[in-house]
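Below are the chains, spelled out letter by letter.
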Amino acid sequence: HALSDGNVERAHSFLGRPYALRGTVVKGDGRGRTLGYPTANIQPDVAKKLIPANGVYFVGAKLDGAAYFGMMNIGVRPTVTTKAERMIEVHLFDFGEDIYGKLIEISFLRKLRNEQKFSSLEELTIQLGNDKRQSLGLIAEFSQTK
């Protein structure tokens, strides 16, 4: 129930570790790159894996044996599309490699906010900057758990 509510910190307290999901990086529409926040779209490796509630999360990631921090959006991206398809996409900080087809593991560390619809791409980009600043401020707190 905690994950379905987006309460990843409560789930962490029950599990004794951050909740994680693994999946393959798949091609998206490339919109994040045009906004200055390129994302890796993730297809979970287990079809029935419980995905936390829609929203924006501060996350840790493991990829090719290296650890990163980033921010993840789960949801239908209401500002940029009218499709109801739920997407899982992560923006890794200080990262710019081509990782299509690679396996990535994401650990959910904190929910930043609910998913929301913005009136413009400019408003969305401003919020993404706020989300990134908030996430960067959390790195020291979580650097032992990623």
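The structure under discussion appears in the preceding block.
Not measured: the values here are computed from a predicted model. Per chain, residue numbering runs from 1 following the sequence as it is written. Totals for whole chains, interfaces and linings use all residues, but because this is a predicted model, local features are given only for residues with pLDDT of at least 70 and pairs of side-chain atoms are given and counted only at 80 or more. With hydrogens and water stripped out, all remaining heavy atoms of the structure feed into the side-chain values.

### Looking at the nonpolar core
Stated formally: Residues grouped as a nonpolar core are buried Ala, Val, Leu, Ile, Met, Phe, Trp, Tyr and Cys residues, joined through side-chain atoms within 4.5 Å. Residue exposure (1.4 Å probe, protein chains only): buried if accessible area is under 20% of the type maximum, exposed if over 50%, otherwise partly exposed. Strands here mean DSSP runs of E at least two residues long; helices mean DSSP runs of H or I at least four residues long; both are numbered from the N terminus. Any two residues whose heavy atoms approach within 4.5 Å at even a single point are treated as in contact.
Residues Ile42, Met72, Val90, Ile104, Ile106 and Phe108 are the most contacted members of the largest nonpolar core, which totals 26 residues. Elements with a minimum of two residues in this core: α1 (8-15), β1 (20-26), β2 (40-44), β3 (55-63), β4 (66-75), β5 (87-92) and β6 (103-113). The dominant element in this core, judged by the number of residues it contributes, is β3, at 4 residues. In this view, Ile106 contacts Tyr19, Ala20, Leu21, Ile42, Val59, Gly60, Ala61, Met72 and Val90; residues no more than four positions away in its chain are not counted. Counting 14 residues, the second largest nonpolar core, distinct from the first, contains Tyr37, Phe58, Phe118 and Leu124.

### Digging into the sheet that holds β3
For the record, the criterion: Criterion used throughout: strands pair if DSSP finds at least two bridges between them. Fitting a line to C-alpha atoms yields each axis, with helices limited to the stretch in contact; the angle taken between N-to-C directions then spans 0 to 180 degrees.
One closed barrel accounts for 6 strands, arranged β1-β2-β5-β4-β3-β6; its pairing is antiparallel. Between one strand and the next, the sheet's axes are offset by a mean angle of 45°, whatever the strand orientation. Bridge count for β1 against β2 is 4 bridges, and the pairing is antiparallel. Within β2, the position partnered with Val25 by the bridge is Ile42. Each of β3 and β6 touches α1; the most contacted strand, β6, lies at about 120° to it.

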